[in-house]
Amino acid sequence: SEYYYTFESNNAANPSGCLHDPLAVEVAINPDIISQYLCTDLTCETEGPSKGRSIGKVDKIHGGEDTTKVALQVKEQEFKDKFVNSISELLKTL
């Protein structure tokens, strides 16, 4: 998480950052942490300048199979509490 606080924060006195990767782990362990999501059909670009980017399949926006859940809202305080607690417990072992 040091990366997020170092490179995404605009306020040195109160560093912050988006915790995408830790949130993805939490969602894998506890999907109920997501309180609202959108079902849609996505593809992942595998070539060219957009390689690795998730893109909606335009031809399936109004039909087709929803293959992906896109998180729209997370139980933010619950996630923050769990994240801080996990880091605190880890630091106790060092």
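Residues numbered from 1 in each chain as written. Predicted model: local features only at pLDDT ≥ 70, side-chain atom pairs only at ≥ 80, totals over all residues. Heavy atoms only, no water.

It is worth spelling out the pattern of salt bridges at this point. Tallied over the full model, the rule gives 3 salt bridges. Of the charged contacts in the structure, one is a salt bridge between K80 and E76, with a shortest N-O distance of 3.0 Å. Residue K80 and its partner E76 are both found in helix α3 (residues 76-92); the two are separated by 4 residues, about one turn of the helix. Using a relative accessible area of 48% as the deciding quantity, one classes E76 as partly exposed. (Salt bridge = Lys/Arg side-chain N within 4 Å of Asp/Glu carboxyl O. Helix = DSSP H or I, 4+ residues; strand = E, 2+ residues; numbered from the N terminus. Buried < 20%, exposed > 50% of the residue type's maximum accessible area, 1.4 Å probe, protein only.)

This next bit is on a nonpolar patch on the surface. A surface patch of nonpolar side chains, amounting to about 430 Å² of accessible area, comprises I87, L90, L91 and L94. Residue L94 is classed as exposed on the basis of its relative accessible area of 79%. (Patch = residues over 30% accessible without salt bridge, like charges linked within 9 Å, V, L, I, M, F, W, Y side chains within 5 Å. Areas by Shrake-Rupley, 256 points an atom, 1.4 Å probe, with all protein chains shown as cover.)

Let's shift gears to the side chain of E26. By the secondary structure assignment, E26 is in helix α2 (residues 20-29). Take E26: its relative accessible area is 12%, and that puts it in the buried class. At 2.9 Å, the side chain of E26 and the side chain of K82 are in polar contact. Beyond its immediate sequence surroundings of up to four residues, E26 is in contact with P31, I33, F79 and K82. (Polar contact = N/O pair within 3.5 Å; in protein donor to acceptor, adjacent residues only side chain to side chain. Contact = heavy atoms within 4.5 Å.)

Let's shift gears to the nonpolar core. Judged by nonpolar contacts, L19, I33, I34, F79 and F83 together constitute the single largest core of 5 residues. Look past the residues within four positions of I34 in its chain and what remains in contact with it is V27, A71, Q73 and V74. (Core = buried A, V, L, I, M, F, W, Y, C linked by side-chain atoms within 4.5 Å.)

Further remarks concern the environment of L23. Tracing the sequence through the fold places L23 in helix α2. Sequence spacing of L23 and I34 is 11 residues, and the spatial spacing of their C-alpha atoms is 9.8 Å. Those residues in contact with L23 that lie beyond four places of it in its chain are V74 and F79.

What follows concerns the side chain of N30. Here N30 shows up in the loop between α2 and β1 (34-40). Judged by its relative accessible area of 16%, N30 falls in the buried class. In contact with N30, other than residues within four places in its own chain, are E78 and K82.

Everything listed here is a matter of geometry and, on its own, says nothing about what the molecule does.
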